[in-house]
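Observations on the three-dimensional arrangement
Take a look at the letters that make up each chain.
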Amino acid sequence: MPTLMNVVGARPQFIKAGPVSRALAKAGVKEILVDTGQHYDELMTDVIMKDVGLREPDFNLGVGSAPHGLQTARILEGLEVLIQDVQPDAVLSYGDTNSTLAAALASAKLGVFTAHVEAGLRSFNRAMPEELNRVATDHISDLLLAPTETAVKNLGREGLLSRTVMTGDVMVDALLSIRFDVVELPSWATGDYYAATIHRPSNTDDPARVGAVMESLNRLDLPVHLMAHPRLQARLVEFDLRIEDGALHLHDPLSYGQMLAVVKASRGLLTDSGGLQKEAFILEVPCATIRDETEWPETLEGGWNVLAGSDLDRLAQQVVRAPRPVDSAPFGDGMASGRVVDEVIRHIS
Ligand code: UD1
């Protein structure tokens, strides 16, 4: 029986690894689950893990917050020792965080088979730390598991097609496992409102920019319920920005199921998250992305998503639209995790 090391660390990775972990169990593969500890607040970790059915990790490296180089280095140091101890047949990394890059690098350098789930996404913006993580991870991994045709094309352009397999998006598997009929909405989620999240460094780390984004949300025509990532909460305190004097209401991060239910019941979503743009598309909720580019161009089809990073004054018009219905399901059929596991097993057998 092969042993596979699943490396997670930040909130979106718990969501992606949930269905893959279940598929591993179904296939009889021994899974070693490693949490790097990049995210550590309960609302960003335990609550989400429980929600997506991820079990207690076997190891937690407890790296916490640090500048990028140091955080990546700490994960690399911890994983190198762990991979040598455990001797897995393969290591799986997810997405585009510092945990992703460190997992791929530690594993590839030790000559262990390295697979990247959600390979091939590109924003073509090298100022994003995630873009550097994606490009580097794809180039050092042995197997690139791509969620979309666009991702396959991106990998082809970089000469990586021979290592690429299109599996569909494991986040669709996670979304489809949510029972919306039993999820309880927060008490404030009534009537017409917009849902919002902001966490990218480009929108949070400069006081003028974060102030402008908050001001534009405050001016919208309906209540805006913003689930604030700890990074945003910290910056608002640091910059002494008082913002709840208009449409805007701040809340702590929600569980995965609640977040999706809040988006589903909203009139529109305003976000800079990659995952949520796609979830809004699948849930048929109009989205305005507060960025100038997207790794998920499929969401722009039919007008479901609009890039509104540099036009904050027109945010209201951007989100109140009547998108065209689209037939396509560009993110897959909800069975991507089974394909991910099959492909990894096929490659290491
Ligand atoms: C990371 C990922 C990003 C992903 C996001 C999801 C990288 C480069 N970025 O960004 O791709 O979309 O996770 O949330 O890996 N903090 C806490 N508690 C926590 C987590 C974070 O207080 O549990 C605060 C700290 O102030 C920390 C800051 O948020 O310094 C940033 O956290 P970090 O993990 O470095 O990156 P994210 O912004 O969360």
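The present account deals with the structure reproduced in this document. Because the structure is predicted, anything quoted here is derived from the model rather than measured.

For the structure shown, the criterion picks out 3 aromatic pairs. Both rings, one in Trp188 and one in Tyr193, keep their centres 6.5 Å apart while their planes meet at 85 degrees; by these two values the pair is edge-to-face. Put simply, the rings of Phe281, Trp296 and Phe331 touch in pairs and so form one group of aromatic residues. Above the face of the Phe180 ring, Lys264 is positioned so that its terminal group lies 5.1 Å from the ring centre. In this arrangement the basic side chain of Lys278 is found over the ring face of Trp296, its NZ or CZ atom lying 3.7 Å from the centre.

This part is about the site of the ligand. Taken together, 19 residues form the shell around the ligand, and within it Gln38, His39, Tyr40, Asp41 and Arg231 come nearest. Note that an oxygen atom of the ligand is positioned 2.9 Å from one of the backbone N or O atoms of Asn98. Considering the ligand on its own, with 740 Å² of exposed area, one finds that the protein chains cover 88% of that surface. For the shell around the ligand, the secondary-structure elements that each account for two or more residues are helix 3 (68-86), helix 5 (129-140) and helix 10 (230-238).

This part covers helix 10. Every α-helical turn comprises 3.6 residues, leaving residues that sit three or four positions apart pointing alike. Within helix 10 the residues assigned to the buried category are Leu232, Arg235 and Leu236. All buried residues of helix 10 project into a common sector of 100 degrees when viewed along the axis, lining one side. Of the exposed residues in helix 10, the ones pointing more than 90 degrees away from its buried face are Val237 and Glu238. In this structure, the buried side of helix 10 is in contact with helix 8 (201-204), helix 9 (207-218), strand 9 (224-227) and strand 10 (248-251).

Let us look at the environment of Val262. You can see Val262 is positioned in helix 11 (residues 256-264). Take Val262: its relative accessible area is 0%, and that puts it in the buried class. Sequence separation of Val262 and Thr289 is 27 residues, and the distance between their C-alpha atoms is 17 Å.

Running from N to C, helix 11 and helix 12 (residues 274-282) point in directions that differ by 55 degrees, and their axes come no closer than 10 Å. The angle between helix 11 and helix 12 places the two elements in the oblique class. The handedness of the crossing between helix 11 and helix 12 comes out as right-handed. Here helix 11 contributes Tyr256, Met259, Leu260 and Val263 to the contact with helix 12, which in turn contributes Leu276, Glu279 and Ala280. In terms of residue class, the contact of helix 11 with helix 12 is built from 6 nonpolar, no polar and 1 charged.

What follows covers the sheet that holds strand 5 (residues 113-117). Read across the open sheet, the 7 strands follow the order 3-2-1-4-5-6-7; overall the sheet is parallel. Either end of the sheet is taken by a strand with one partner, and the two such strands are strand 3 (59-60) and strand 7 (164-166). Two strands pair when backbone bridges link them, and strand 1 (residues 3-8) and strand 4 (residues 90-94) are joined in this way by 3 bridges, in the parallel orientation. Directly across from Asn6, in strand 4, lies its bridge partner Leu92. Sitting on the sheet, helix 4 (residues 98-109) is in contact with strand 1, strand 4 and strand 5, with an inclination near 160 degrees to strand 4. Sheet contacts for helix 14 (residues 336-348): strand 1, strand 4, strand 5, strand 6 (143-146) and strand 7; angle to strand 6, the most-contacted strand, approximately 165 degrees.

This brings us to the nonpolar core. In this structure, Val20, Leu92, Leu145, Tyr256, Val263 and Val344 are the most contacted members of the largest nonpolar core, which totals 48 residues. A total of 6 residues in this core trace back to one element, the largest contributor, which is helix 1 (residues 11-26). Core analysis: the next-biggest nonpolar cluster, separate from the first, contains 25 residues, Val213, Leu236, Ala247 and Ala288 among them.

Before going further, it helps to spend a moment on the pairing of strand 4. Strand 4 sits mainly inside the fold: 5 of its 5 residues count as buried. Neither face of strand 4 is exposed, since Ala90, Leu92 and Tyr94 on one face and Val91 and Ser93 on the opposite face are all buried. One ladder, built from 5 bridges, connects strand 4 with strand 5; its direction is parallel. From the neighbouring strand, Ala90 faces strand 5, where its bridge partner is Phe113.

What counts and what doesn't
- Residues numbered from 1 in each chain as written.
- Predicted model: local features only at pLDDT ≥ 70, side-chain atom pairs only at ≥ 80, totals over all residues.
- Heavy atoms only, no water.
- Phe/Tyr/Trp six-rings, centres within 6.5 Å; stacked < 30°, edge-to-face > 60°.
- Lys NZ or Arg CZ within 6 Å of the ring centre and 35° of its normal.
- Near = heavy atom within 4 Å.
- Polar contact = N/O pair within 3.5 Å; in protein donor to acceptor, adjacent residues only side chain to side chain.
- Areas by Shrake-Rupley, 256 points an atom, 1.4 Å probe, with all protein chains shown as cover.
- Helix = DSSP H or I, 4+ residues; strand = E, 2+ residues; numbered from the N terminus.
- Buried < 20%, exposed > 50% of the residue type's maximum accessible area, 1.4 Å probe, protein only.
- Arc of directions from axis to C-beta.
- Contact = heavy atoms within 4.5 Å.
- Axes fitted to C-alpha atoms, helices over the stretch in contact; angles between N-to-C directions.
- Parallel < 35°, antiparallel > 145°, perpendicular 65-115°, else oblique.
- Left-handed = near helix turned anticlockwise from the far one by under 90°.
- Nonpolar A, V, L, I, M, F, W, Y, C, P; charged D, E, K, R; others polar.
- Pairing = 2+ DSSP bridges.
- Core = buried A, V, L, I, M, F, W, Y, C linked by side-chain atoms within 4.5 Å.

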